[in-house]
Amino acid sequence: MPSYAAANTVPVRENRAGAWHLHGTLAAVEARWRSLWTDCRGYAFQSFDWLYIWQRTLGEPLGWAPCIVEWRDPDGRTLALWPLGRRREGPLQVLSFLGGDVTDYHAPLLHPAYAAALSPADAPYVWNDVLRQCPRIDIVRVRRMPMQFADGSINPFARLPGAASHESAHAALLPADIGAFRAARAAALFADTRRQMRRLSERGTLRIEPVVRAGDQARVWQALVAQKSRRWRDTGAPDGFAHPELVAFYQGLTDGPLQDMQAVLSALYLDNLPIATHWGLRCGNRFYWLMPAYDADWSRYSPGRLLMEAVIGHCIDAGLAVFDLTVGDEPYKLQWADTHMPMVDLLQARSLPGRMAVQLTRLRARARDVPALRKGVQWIKGWRSRRR
């Protein structure tokens, strides 16, 4: 591969000058990673800090071993980096992007000139080269790969053979003032917001902090953990914050310092009690809406929506360009977003045991879509349970 100048248009697969490097730790490539991320301004989830803190708090306890694949040009400049990891699942070795379920977008980090020279036709060749650098693997499993990079350019790896979209990410492009933002959305939405604000104000003193003051951060964080844990339990989901590793992950990001990013706590108070909270990230010209929570006892007043509108207004005043609602097709996101991006998953076999496992996974997925097969699988599970 060439030392990509801005005018270079040589197809990547036809130019092999350069060198691959495999790193078994994130620290081994930290300086190059930070420099590349500054050049390409990727999503916050591809920053060194996000993935380093994830690996330290969650990845290692879950058994993930980093396999960071780096491409350098003949001049020794880092042009591409794939933050991958390997983990044993039963008898199989599985390769995936580092970051796990807390990471909304999984993608490589590509220098803009390298990305400009990389076409969708090149991507399968480069992807196979990446996989050949890694130790023995049976399955490649990729989830939530965005169709576009943060700068809006096409992600050619999201078009690999076998990639399929199952969910979307949503975002709102921010205009110059909040009036223009409201004018582009349903008037009834903001009329209801004003009504709820009046109702809450009748119950006590209402105050909103889009950025919580330093002295209140510990109290607001504790309220967020309690509110989110209750929400998970009320909906029958596992309580993620029952695991200290997850708390340590977010606490590590909050404590920082982070490269060109800032963790932001927000809160809506009623009589100085935080009844709606949020933890998110500001990164470049983008704000990530990541972890909203609210006190369920006040849900009829929509405190989470009131807080989000205030945070959006704060982002507009700060001159940010994108309010990123990230992955998930919850109805409230569709009310606020005006851009939508498919996310793709990819499942590939790299060995005979891997092919068997992939076929079994696909059969199970097909069975869920066929009522007769689904009932058969349920009957077998019940029979096994009764036998035990």
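This text gives an overview of the structure that appears in the document. (Residues numbered from 1 in each chain as written. Predicted model: local features only at pLDDT ≥ 70, side-chain atom pairs only at ≥ 80, totals over all residues. Heavy atoms only, no water.)

Burial runs high along strand 10 (residues 273-283): nine of the eleven residues are buried. The pairing of strand 9 (residues 261-270) with strand 10 spans ten bridges and is classified as antiparallel. Paired with L268 across the strands is A276, a residue of strand 10. Bridge analysis of strand 10 against strand 11 (residues 286-294) gives eight bridges, and the strand direction is antiparallel. Counted as the bridge partner of T277 is A293 from strand 11. From the end of strand 10 to the start of strand 11, which pair antiparallel, there are two residues, and G284 there has a positive phi angle of about 60°. (Buried < 20%, exposed > 50% of the residue type's maximum accessible area, 1.4 Å probe, protein only. Helix = DSSP H or I, 4+ residues; strand = E, 2+ residues; numbered from the N terminus. Pairing = 2+ DSSP bridges.)

Right, let's get into the nonpolar core. The biggest cluster of nonpolar side chains holds 81 residues, and the ones touching the most others in it are W82, W127, F157 and W279. By residue number, the principal contributor to this core is helix 2 (residues 48-59), which donates six residues. With 27 residues, the next largest nonpolar core counts V311, C315, F323 and L325 among its residues. (Core = buried A, V, L, I, M, F, W, Y, C linked by side-chain atoms within 4.5 Å.)

Omega for the peptide link from G256 to P257 comes to -5°, which places this bond in the cis form. Relative to the elements of secondary structure, P257 occurs in the loop between helix 8 (244-255) and strand 9. Positive phi outside glycine occurs at D271, with the angle close to 50°. By the secondary structure assignment, D271 is in the loop between strand 9 and strand 10. Its relative accessible area of 49% is what places D271 among the partly exposed residues. Phi angles above zero are rare outside glycine, and T326 is one such case at about 60°. With respect to the helices and strands, T326 occurs in strand 12 (residues 322-327).

Turning our eyes to something else, we now look at helix 7 (residues 217-234). In this model, helix 7 (18 residues) spans 25 Å end to end at C-alpha, consistent with the 26 Å of a helix rising 1.5 Å per residue. Those residues of helix 7 that fall on the buried side of the exposure criterion are V220, W221, A223, L224, V225, Q227, K228, S229 and W232. Close packing links the buried residues of helix 7 with helix 8, strand 9, strand 10 and strand 11. (Expected span 1.5 Å × (residues − 1). Contact = heavy atoms within 4.5 Å.)

Attention shifts here to the packing of helix 2 against helix 8. How two helices pack is summed up by the angle between their axes together with the distance between the axes. Following both chains from N to C, one finds helix 2 and helix 8 inclined at 150°, their axes separated by 9 Å at the closest point. In terms of their interaxial angle, helix 2 and helix 8 are classed as roughly antiparallel. Between helix 2 and helix 8 lies a crossing whose hand is right-handed. Contact residues: D49, W50, I53, W54, R56, T57 and L58 in helix 2; E245, L246, A248, F249, G252 and L253 in helix 8. (Axes fitted to C-alpha atoms, helices over the stretch in contact; angles between N-to-C directions. Parallel < 35°, antiparallel > 145°, perpendicular 65-115°, else oblique. Left-handed = near helix turned anticlockwise from the far one by under 90°.)

This part covers the pattern of salt bridges. In this structure the tally under the stated criterion is 26 salt bridges. Note that R207 is salt-bridged to E209, the shortest N-O span being 2.9 Å. One network of salt bridges, in which partners are shared, links D101, R143, R144 and E167. (Salt bridge = Lys/Arg side-chain N within 4 Å of Asp/Glu carboxyl O.)

With that settled, the discussion passes to the pairing of strand 3 (residues 78-89). By the bridge criterion, eight bridges tie strand 2 (residues 65-72) to strand 3 in an arrangement that is antiparallel. Opposite V69, over in strand 3, you have W82 as the bridge partner. The antiparallel hairpin formed by strand 2 and strand 3 contains five residues in its connecting segment, where G76 sits at a positive phi of about 85°. As defined by bridge partners, strand 3 adjoins strand 5 (residues 109-110) across two bridges and the pair is classed as antiparallel. Each residue of the ladder has a partner; that of A80, found in strand 5, is L110. Judged from the six bridges that link them, strand 3 and strand 4 (residues 92-97) form a sheet pairing that is antiparallel. Looking at strand 4, one finds that G85 is bridged to S96. The turn joining strand 3 and strand 4, which pair antiparallel and follow one another in sequence, is formed by two residues; a positive phi near 65° is taken by G90.

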